[in-house]
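Residue strings, one per chain:
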Amino acid sequence: MSSVVPAPAGSRVAPVPRGVATTRRRAADAARRIAQAALVIVLCYVLVFLVLAAIPGDPVSAQLDNPQAGYSEAEKAQIRSFYGLDQPVLVQLVTSLGNALQGELGISLSTAQPVSAVIAAAIPSTLRLAGTALLLAVLIAALLGLLTRRLPEGRLNDLVRSLPALFLSTPNFLIGLLLIQVLAVQLGAFSLVDSESPAATAVAALTLAIPVSAQIAQVFITALDESAGQDYAELALARGLPPAQIVLRHLLRPSLLPTATVIGLVIGEVLGGSLITETIFGRVGIGTVVQKAVMSQDVPVLLIAVVLSATVFIVVNLVIDLLYPLLDPRLRTPEVSR
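Criteria and thresholds
Residues numbered from 1 in each chain as written. Predicted model: local features only at pLDDT ≥ 70, side-chain atom pairs only at ≥ 80, totals over all residues. Heavy atoms only, no water. Helix = DSSP H or I, 4+ residues; strand = E, 2+ residues; numbered from the N terminus. Buried < 20%, exposed > 50% of the residue type's maximum accessible area, 1.4 Å probe, protein only. Contact = heavy atoms within 4.5 Å. Areas by Shrake-Rupley, 256 points an atom, 1.4 Å probe, with all protein chains shown as cover. Axes fitted to C-alpha atoms, helices over the stretch in contact; angles between N-to-C directions. Parallel < 35°, antiparallel > 145°, perpendicular 65-115°, else oblique. Nonpolar A, V, L, I, M, F, W, Y, C, P; charged D, E, K, R; others polar. Core = buried A, V, L, I, M, F, W, Y, C linked by side-chain atoms within 4.5 Å. Patch = residues over 30% accessible without salt bridge, like charges linked within 9 Å, V, L, I, M, F, W, Y side chains within 5 Å. Salt bridge = Lys/Arg side-chain N within 4 Å of Asp/Glu carboxyl O. Left-handed = near helix turned anticlockwise from the far one by under 90°.

Asker: I'd like a rundown of the overall build of the protein, residues and numbers included.
Answerer: Within the protein one finds 13 helices and 2 strands. Here the protein, with 338 residues, has 33% of them falling under the buried criterion. Long-range pairs, those at least 24 residues apart, make up 73% of the contacts in the protein between residues at least 6 apart in sequence. Roughly 19600 Å² of accessible area belongs to the protein as shown, and the carbon and sulfur atoms make up 66% of that amount.

Structural data, given as structure tokens:
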């Protein structure tokens, strides 16, 4: 017989099966977290818009006020009205936010192209770079963490444990220049001309992945060490289980929760590091778009690019948060009624 959630005394409502009640509670919790994430994204949009609005000057006004352009006052007023620059900041904010919620992201002030087209042209390159870099970072961290459990205590184990600190202290651009010198110039593994080739993408992603993997590896190694000191791990060792089986069955799953948390947090570093990496390898992505938008004071493009990066960070952390019950069975246990 399936257990049920008891109804209050005197109630005529039929008891709800505990499994259904748990599912409803999880669905309500997921809906609440999704709503909170959406609210954070909207607030991020508002904050970035207000910060950018406080920056004096824009390419439109600079061009209109240039005496050599020869615009009349009526033409200046018409152009400013087209871009909404004649409205108060709060009116511009409400209009911009409403248009963004409808999928209208505005017009680039420097290229006169739709912002959606500018961003869409740069997203594929950045997604390939960031996705590959995150995958490589996780693989490197997992390899280092598992090696610390497989290698006997000694100098070699200490060397593996010291690698994350070395990776973290090495500048991103130095790693990129070294990889270019060795792999491209000396070995000819990839061409610097074709920066979007699979080989060039893999090397660029490795440049970004090495420092990012350090943070993941540090948390993963610490979590494995803490799990190895628990009673269940010592009992498994006393029963004579092979070390590999102890790691896979008793140490790995408890270590996934903190590791998944830090993976979500380093997403921001992956997106931020793409600017330097794209510059080093001559790639055109979101980082390059942001750089050009800052230099030309292209506020609409800069606004959407920053909000898009924040949205990716928020969504990834939301997904990881919702996956916690799958990583830790204790989080799936229904609350006991008092």
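Asker: Summarise the packing of helix H5 (residues 115–150) against helix H12 (residues 286–296); cite the residues concerned and give the values.
Answerer: If you want to describe how two helices pack, look at the angle between their axes and the distance between the axes. Contact geometry of H5 with H12 gives a least axis separation of 7 Å together with a crossing angle of 140°. The angle between the axes of H5 and H12 places the two elements in the oblique class. Contact residues: H5 offers Val118, Ile119, Ala122, Ile123 and Thr126, while H12 offers Ile286, Gly287 and Val289. Split into classes, the residues belonging to the contact of H5 with H12 amount to 6 nonpolar, 2 polar and no charged.

Asker: So what's going on with the nonpolar core? Which residues, and what values?
Answerer: Grouped together as the largest cluster of nonpolar side chains are 32 residues, with contacts concentrated most on Leu134, Phe190, Val212, Ile216, Val266, Val270 and Phe281. The set of elements that each furnish at least two residues to this core consists of H5, helix H6 (155–169), helix H7 (172–186), helix H8 (198–228), helix H10 (243–265) and helix H11 (267–281). With 11 residues, the single largest contributor to this core is H8. Those residues in contact with valine 212 that sit more than four places away from it in its chain are Ala137, Val266, Glu269 and Val270.

Asker: Got a sec to walk through the side chain of serine 213? Specific residues and values, please.
Answerer: Looking at the secondary structure, you find serine 213 in helix H8. On the basis of relative accessible area, serine 213 is assigned to the buried category, the value being 0%. Leave out the neighbours within four places in its chain, and serine 213 touches Ala137, Ile140, Ala141 and Phe167.

Asker: A description of a nonpolar patch on the surface should follow, citing residues and the corresponding values.
Answerer: A contiguous nonpolar surface patch, about 530 Å² in accessible area, is contributed by Phe173, Leu174, Leu177, Leu178, Leu275 and Ile276. Elements with a minimum of two residues in the nonpolar patch: H7 and H11. When you line up the elements, phenylalanine 173 lands in helix H7. Residue classification places phenylalanine 173 among the partly exposed positions, given a relative accessible area of 47%.

Asker: How would you explain the packing of H8 against H11 if you had to name every residue and give the values?
Answerer: It is at 9 Å that the axes of H8 and H11 come closest, and there the two elements cross at 145°. Both H8 and H11 take part in a crossing whose hand is right-handed. Within the contact between the two elements, H8 uses Val203, Ala204, Thr207, Leu208, Pro211, Val212 and Gln215 and H11 uses Glu269, Val270, Gly273, Ser274, Thr277 and Phe281. Looking at the contact of H8 with H11 residue by residue, the classes come out as 7 nonpolar, 5 polar and 1 charged.

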